[in-house]
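Structural description and commentary
Okay, here's what each chain looks like letter by letter:
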Amino acid sequence: MGSDTGGRRAAGSDTGGRRAAGGGRRGKTSGVSGRQARGTDADWLGDSGGLDGLDGVGDVDRSGESDRKRATIDTSDPDWVAKAASSSRKRGQRQPSDWQFPVLTGWGLRPEQQRLIVIIASVVAVLAGGVGLVIAITSIGEYAPEQRVSAALVGPDTTLPQVFQGWSSPKLFDPVADRAKDSKALTEKEVFGQKELAVKKKLKLKLVAKKLDATCSAALWGGSLAEQVSDAGCTQVARGLYISSDNRYVAQYTLLNLKDGESAGELVESLKTLYRGGWARPLTSSKGTFPVGGYSEAGGYALGHYVGLVWLGRLDGTEATAKDDFVSLTLALRGAEKAVYRRVVTITGPSS
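Please read all numbers here as calculations on a predicted model, not as lab measurements.

**Re the overall build of the protein chain**
Check the secondary structure of the protein chain and you find 11 helices and nine strands. When the 352 residues of the protein chain are sorted by exposure, 33% land in the buried category. Contacts in the protein chain between residues far apart in sequence, at least 24 positions, make up 70% of those at least 6 positions apart. Accessible area for the protein chain stands at about 21,300 Å²; split by element, carbon and sulfur atoms hold 55% of it.

This is the structure we're talking about:
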């Protein structure tokens with residue numbers, strides 16, 4: 001019986017062992033729960049050793065500073081460890097300097113040294129570019145404007161307009177676009193047969209001088225203009241000088257006889273920019289002429305194979321004001337173009 005009692009005691013001991021083991025398991029479970037309870041505190045990561053050193057994640061407060069902020073990680077995210085490590089690496093990486101170039105870095109130069117080299121190289125490049133530009137300009141040569149060259153040829157007494165406008169030929173003059181169909185030479189009487197040109201009721205332009213030149217260069221100045229007129233086959237230049245009846249204005253009409261309408265149009269177009277380098281020579285009269293250095297205005301008109309140049313100004317050389325009706329003066333001066341109109345009628349007949 002004692003033996004049976006001893007057996008039961010042994011069994012009881014075994015049961016107690018199992019109970020102890022069970023208690024051990026419960027104790028282990030409690031340990032896990034403790035760790036889970038601490039899972040939201042980053043301090044346990046530092047204690048684990050495996051993630052020690054992750055900035056802001058598992059950093060243990062080793063400095064003793066009581067105000068250091070502890071990072072909080074959501075451990076329910078399966079990728080929380082990888083994200084924490086990636087965030088730590090990004091914060092730990094030092095941003096490269098804006099002044100780092102692979103070649104210069106390979107030479108062992110610091111960013112500040114590289115910056116200095118780039119600045120010096122930029123300054124040298126700018127200076128070299130400036131020197132190259134000067135050399136290029138010098139090699140091209142000096143440009144001498146036509147106005148300056150021509151003025152030197154004709155002397156300081158050259159008179160020319162300050163304003164110029166040009167117009168192409170109207171279709172009305174197509175019948176005289178080719179001189180081959182209008183071969184008859186101009187005459188002074190034909191162009192300047194009218195001694196007075198009415199401007200207004202009490203104002204007229206009176207003819208005081210006229211001249212017809214068979215050599216066009218004799219009536220013009222300026223090397224380029226003379227050359228262009230010669231290439232255009234100019235055979236005649238008729239000029240007429242007028243003084244207004246009130247002795248306030250001076251005007252001159254010049255008519256050039258060229259080979260065709262194309263040449264006439266090109267001449268007028270070129271004069272829009274080059275008139276200051278070449279112009280018609282003014283006629284003179286005891287009653288007046290264009291004052292040297294005085295203000296004047298001009299216009300050019302292509303009329304088939306002819307070119308008409310209108311030029312007018314004040315006798316005292318002063319600039320025109322609102323009281324000076326240059327428009328009416330210009331229309332009156334173009335009365336000399338009636339000679340060209342008559343030639344159109346001769347070719348086409350009165351019905352045109």
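**So, the pairing of strand β5 (residues 236-244)**
Buried residues dominate β5, accounting for nine of its nine residues. Of the two faces of β5, the one lined by Gln236, Ala238, Gly240, Tyr242 and Ser244 and the one lined by Val237, Arg239, Leu241 and Ile243 are each fully buried. Two elements, strand β3 (residues 203-213) and β5, share eight bridges in a ladder whose sense is antiparallel. Note that in β5 the partner of alanine 209 across the bridge is leucine 241. Between β5 and strand β6 (residues 249-257), which pair antiparallel in sequence order, lie four residues; one of them, asparagine 247, sits at a positive phi of approximately 60°.

**Brief notes about unusual backbone geometry**
Outside of glycine, negative phi angles account for most residues, and trans bonds account for most peptide bonds. Positioned with a positive phi, asparagine 247 is a non-glycine residue whose angle comes to about 60°. As for its placement among the helices and strands, asparagine 247 is situated in the loop between β5 and β6.

**Things to note about the side chain of glutamine 236**
Tracing the sequence through the fold places glutamine 236 in strand β5. Not counting residues within four places of it along the chain, the set of residues in contact with glutamine 236 comprises Ala185, Leu186, Leu212, Asp213, Ala214, Cys216, Leu255, Leu256 and Asn257.

**As for the packing of helix α8 (residues 223-231) against helix α9 (residues 261-274)**
As a packed pair, α8 and α9 sit with axes 10 Å apart at the nearest point and diverge in direction by 165°. Relative to α9, the element α8 is oriented roughly antiparallel. Note on packing geometry: the crossing formed by α8 with α9 is right-handed. In contact with Leu225, Gln228 and Val229 of α8, α9 contributes Glu266, Leu267, Ser270 and Leu271. A class-by-class count of the residues in the contact of α8 with α9 yields four nonpolar, two polar and one charged.

**Remarks on the state of the cysteines**
The full count for this structure, using the stated rule, is one disulfide. In this model cysteine 216 forms its disulfide with cysteine 234; the gap between the sulfur atoms is 2.0 Å. Measuring handedness by torsion sign, the sulfur bridge of cysteine 216 and cysteine 234 sits at about -85° and is left-handed. Residue cysteine 216 is located in the loop between β3 and β4 (220-221), and its partner cysteine 234 is located in the loop between α8 and β5; the two are separated by 18 residues in the primary sequence.

Criteria and cut-off values
Residues numbered from 1 in each chain as written. Predicted model: local features only at pLDDT ≥ 70, side-chain atom pairs only at ≥ 80, totals over all residues. Heavy atoms only, no water. Helix = DSSP H or I, 4+ residues; strand = E, 2+ residues; numbered from the N terminus. Buried < 20%, exposed > 50% of the residue type's maximum accessible area, 1.4 Å probe, protein only. Contact = heavy atoms within 4.5 Å. Areas by Shrake-Rupley, 256 points an atom, 1.4 Å probe, with all protein chains shown as cover. Pairing = 2+ DSSP bridges. Axes fitted to C-alpha atoms, helices over the stretch in contact; angles between N-to-C directions. Parallel < 35°, antiparallel > 145°, perpendicular 65-115°, else oblique. Left-handed = near helix turned anticlockwise from the far one by under 90°. Nonpolar A, V, L, I, M, F, W, Y, C, P; charged D, E, K, R; others polar. Disulfide = S-S within 2.5 Å.

Fair warning: the whole summary comes from geometry, so function is off the table for now.
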